[in-house]
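# Working through the structure, step by step
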Amino acid sequence: MNICFVASECEPLVKVGGLGDVVQSLAKELVNLGHQVSVILPFYKSIKAKNVQFITQHTLNLGGVYYDFHIYKTHLDNIDIFLIDQKTFFGREYVYGTPKGPYEDNYLRFAFFSLASLETLSHVCHTPDVIHIHDWHTALVAVYKDLYFKHLDEIATVLTIHNIAFQGIFPGYILPQIGIPWELFNPEDLEFYNQVNFLKGGIVHSDVITTVSKTHAKEIQTNMGFGLEGVLREKRYVFGILNGIDAESWNPATDKSLYQNYDINTFKAGKERNKMYVKELFGLETPHTRPLAAFIARLAKQKGLDLIEKAIDDAVKIGYDFIFLGSGDYYYQGKVLDMVKRNMGYVAARIEYNDILSRKLYAGADMFLMPSEYEPCGIGQMIAMRYGAIPIVHKTGGLADTVVDYHEDNEHGTGFSFEDYTYKDFLYTMARAMVVYQKKNIPEDNEWYNIVSNAMSQDFSWRRSVQEYIKIYKTAKLIKMH
Ligand code: ADP
């Protein structure tokens, strides 16, 4: 098949969160199976691609304003990457906004990008079977396609919702600026409580909707759709497909960033060395018998930092050390730095986005904290398991689908999870994990090592999920034909 992804992130060119991982690794896996994949991306200022080739120049009319843009092409693992170069919109320091908040003209930036992608697709790409769009940033592709690109009518549209909390909601008056007629400003279409909702438009106009885990597919149609439950329930085709990770890139046996490589047979010594190394890097001089819990994520409310903040002083008292690696909201940066100050010597942090450091930390950590309020899929916990860092997670969305609580299933347990989103439940779960961890020093007690071994032997590669996507693409094509 020929699939065209339109997305706002694609690793390693640009990644803010899991979306970047998914676009790159799914595309790569499809190509490995012999499919043809192209990805259309904004040419952000931060993108440092090699062998970029100028293709053509275009002008488009968005709400009566003419915008010039250039299309460039590059390659990544046999994936064709098309870069839309428009300096006013994408020649900025950040992708979505500064730490103070999103860019105010994001509606124009991503409306422009969606329209420009369809122009690119019409003129430059070979006609694909399916256009696969991702999140609100590219949701308008489905809307513009129905409105203005009748010659692309036979191409099916699949929309994947990676994070339904972000919908691209803007005041109604912007509609003329993004070239969408007022007829679409109604509850059956883009209107949402008197505002414009890009994601809702994408849902209404796409042929198939997917989200990134089976549990989350149910959640978004019942209690966690952030207001879009009803619209989603009305769609006939809503599926949940668990994300995979790039198992080649995320492999502790070959990862060049690690102090010492290790695998499922050598993790005892390997993880110990990496732990000593990473603690030294972060200036923690505590006894190595204390478990090291890592947090690697966007600093945002969703990631459960409020729970961690309430639980951390007690967790340090019961014997935990912590390392935080994250960037994001100023408010949560402040909270993290405050936790460090309150627990000097036991808690360390770096406020930055740093892929290499994250790898060292996954390798050195005993536990990985992901007490997210909600989590559509979550990539962090899967990487953590592959690196033998045992996840402690809130049982929601993809976390519920990927982590088996040790006390619920002794034999197959891969981590620890809690149901109530309260700091007490979280702390209690950390205490449960601590009890098992401490027994690690008793000879003949293999409980902890069994959990690590279970976690490391999980297959979170795309092998299984990519087949499900192929089925979805075929379904979408069939729907289009009938
Ligand atoms: P989300 O997409 O909501 O941000 P995911 O768990 O799906 O969360 O994906 C997060 C990805 O971003 C993981 O690959 C994680 O390792 C990476 N990541 C998050 N924060 C950082 C950071 N500060 N430095 C390096 N990698 C990070």
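Figured I'd write up the structure that's included with this text. Keep in mind the model is a prediction, meaning the values are calculated, not measured.

Scoring rules and cut-offs
- Residues numbered from 1 in each chain as written.
- Predicted model: local features only at pLDDT ≥ 70, side-chain atom pairs only at ≥ 80, totals over all residues.
- Heavy atoms only, no water.
- Helix = DSSP H or I, 4+ residues; strand = E, 2+ residues; numbered from the N terminus.
- Rg over C-alpha atoms; globule rule 2.2 N^0.38 Å.
- Buried < 20%, exposed > 50% of the residue type's maximum accessible area, 1.4 Å probe, protein only.
- Contact = heavy atoms within 4.5 Å.
- Areas by Shrake-Rupley, 256 points an atom, 1.4 Å probe, with all protein chains shown as cover.
- Pairing = 2+ DSSP bridges.
- Right-handed = clockwise from strand over helix to strand, strands pointing away.
- Polar contact = N/O pair within 3.5 Å; in protein donor to acceptor, adjacent residues only side chain to side chain.
- Axes fitted to C-alpha atoms, helices over the stretch in contact; angles between N-to-C directions.
- 1 Å grid on protein atoms, 1.4 Å probe; cavity = no way out; pocket = protein on both sides within 12 Å on 5 of 7 lines; lining within 4 Å.
- Points joined across faces, edges and corners; volume = space filled by probe spheres on them.
- Nonpolar A, V, L, I, M, F, W, Y, C, P; charged D, E, K, R; others polar.
- Core = buried A, V, L, I, M, F, W, Y, C linked by side-chain atoms within 4.5 Å.
- Phe/Tyr/Trp six-rings, centres within 6.5 Å; stacked < 30°, edge-to-face > 60°.
- Lys NZ or Arg CZ within 6 Å of the ring centre and 35° of its normal.

## Describing the overall build of the protein chain
In terms of helices and strands, the protein chain carries 16 helices and 20 strands. Its C-alpha atoms give the protein chain a radius of gyration of 23 Å, within 12% of the compact-globule value 23 Å for 482 residues. Principal-axis analysis of the C-alpha atoms places the extent of the protein chain at approximately 70 × 45 × 40 Å. Within the protein chain, buried positions represent 60% of all 482 residues. Long-range contacts, defined here as pairs at least 24 residues apart, represent 71% of the contacts in the protein chain between residues at least 6 apart. Accessible surface for the protein chain amounts to roughly 19,600 Å². Of this, 51% is attributable to carbon and sulfur atoms.

## What about the pairing of strand β1 (residues 2–6)?
A large share of β1 lies buried, amounting to 5 of its 5 residues. Going residue by residue along β1, you find Asn2, Cys4 and Val6 tucked away on one face and Ile3 and Phe5 tucked away on the opposite face as well. Strand direction decides the pairing type here: β1 and strand β2 (residues 36–42), joined by 5 bridges, are parallel. Residue pairing for β2: Cys4 is matched across the bridge by Ser38. Taking the sense of rotation as the criterion, the β-α-β connection linking β1, helix α1 (residues 18–32) and β2 turns out right-handed. Direction of pairing for β1 relative to strand β8 (residues 130–134): parallel, over a ladder of 4 bridges. Directly across from Val6, in β8, lies its bridge partner Ile133.

## Let's talk about the environment of Arg463
Inspection of the secondary structure puts Arg463 in helix α16 (residues 463–481). With a relative accessible area of 57%, Arg463 lands in the exposed category. Remark: the alpha-carbon pair of Arg463 and Ala247, spanning 216 residues in sequence, is separated by 9.8 Å. Engagement of the side chain of Arg463 in a polar contact is seen with the side chain of Asp459, the distance being 2.4 Å.

## Details of the sheet that holds strand β16 (residues 321–326)
An order of β17-β16-β15-β18-β19-β20 is seen for the 6 strands of this open sheet, with the pairing classed as parallel. Of all the strands in the sheet, the pair left with one neighbour each is β17 (347–351) and β20 (416–418). Neighbour to neighbour, the strand axes of the sheet diverge by 15° on average, direction disregarded. By the bridge criterion, 4 bridges tie strand β18 (residues 367–370) to strand β19 (residues 390–394) in an arrangement that is parallel. Within β19, the residue paired with Leu369 across the bridge is Ile392. Contacting β16 and β17, helix α10 (residues 330–342) crosses the sheet at an angle of about 150° to β17. Across the face of the sheet, helix α11 (residues 355–364) comes into contact with β15 (292–296), β16, β17 and β18 while running at roughly 150° to β15.

## Topic: unusual backbone geometry
Phi is mostly negative for residues that are not glycine, and the peptide bonds are mostly trans. With an omega dihedral of -5°, the bond running from Glu11 to Pro12 counts as a cis peptide bond. Relative to the assigned elements, Pro12 resides in the loop between β1 and α1. The backbone phi angle of Phe226 is positive, close to 50°, even though this residue is not glycine. With respect to the element layout, Phe226 can be found in the loop between α6 (214–222) and α7 (229–234).

## Re the layout of surface pockets
Estimated volume of the second largest pocket: approximately 260 Å³. Contributing to the lining of the second largest pocket are 15 residues, with Glu11, Gln24, Asp246, Ser249 and Arg359 lying nearest its centre. Elements that contribute at least two residues to the lining of the second largest pocket include exactly α1 and α11. Tallying contributions element by element places α1 first for the lining of the second largest pocket, with 4 residues. Here the residues of the lining of the second largest pocket are counted per class, giving 3 nonpolar, 3 polar and 9 charged.

## Side note on the nonpolar core
If you look at the biggest cluster of nonpolar residues, it comprises 166 residues, and the most contacted ones within it are Ile178 and Phe322. Ranked by residue count, the leading element in this core is helix α3 (residues 106–123), at 10 residues. With near-sequence residues (within four places) excluded, Phe322 lies in contact with Leu284, Leu292, Ala293, Ile312, Ala315, Val316, Tyr346, Val347, Ala348, Leu369 and Met430.

## Side note on the side chain of Arg92
For Arg92, the position within the fold is in the loop between α2 (87–90) and β6 (97–98). For Arg92, a relative accessible area of 17% corresponds to the buried category. Within polar-contact distance, the side chain of Arg92 engages the side chain of Asp105 at 2.6 Å. The residues touching Arg92, leaving out its near neighbours within four places in the chain, are Lys45, Tyr103, Asp105 and Arg109.

## What about the sheet that holds strand β12 (residues 195–197)?
Spatial strand order, β10-β12-β11: 3 strands in an open sheet with antiparallel pairing. Two strands bound the open sheet, and with one partner strand each, they are β10 (169–171) and β11 (191–192). One ladder, built from 2 bridges, connects β11 with β12; its direction is antiparallel. Of the residues in β12, the one forming a bridge with Phe192 is Gln195. On top of the sheet, helix α5 (residues 198–205) reaches β10, β11 and β12; it is set at about 55° to β12, its chief contact.

## Re the packing of aromatic side chains
Considering all chains together, one arrives at 38 aromatic pairs under this definition. Ring plane angle 80° and centroid distance 5.5 Å describe the contact between Phe43 and Tyr72, whose orientation is recorded as edge-to-face. Of this pair, Phe43 sits in the loop between β2 and β3 (53–62) while Tyr72 sits in strand β4 (residues 65–76), and the two are 29 residues apart along the sequence. Taking 6.4 Å as the distance between ring centres and 55° as the angle between the ring planes, the aromatic pair formed by Phe90 and Phe110 counts as tilted. Of this pair, Phe90 sits in helix α2 while Phe110 sits in helix α3, placing them 20 residues apart in sequence. We classify Phe90 as buried; its relative accessible area is 0%. Residue class for Phe110 comes out buried when judged on its relative accessible area of 0%. Looking at Arg350, its charged tip hangs above the ring of Phe282, at a distance of 5.0 Å from the centre. In this arrangement the basic side chain of Arg359 is found over the ring face of Trp250, its NZ or CZ atom lying 3.9 Å from the centre.

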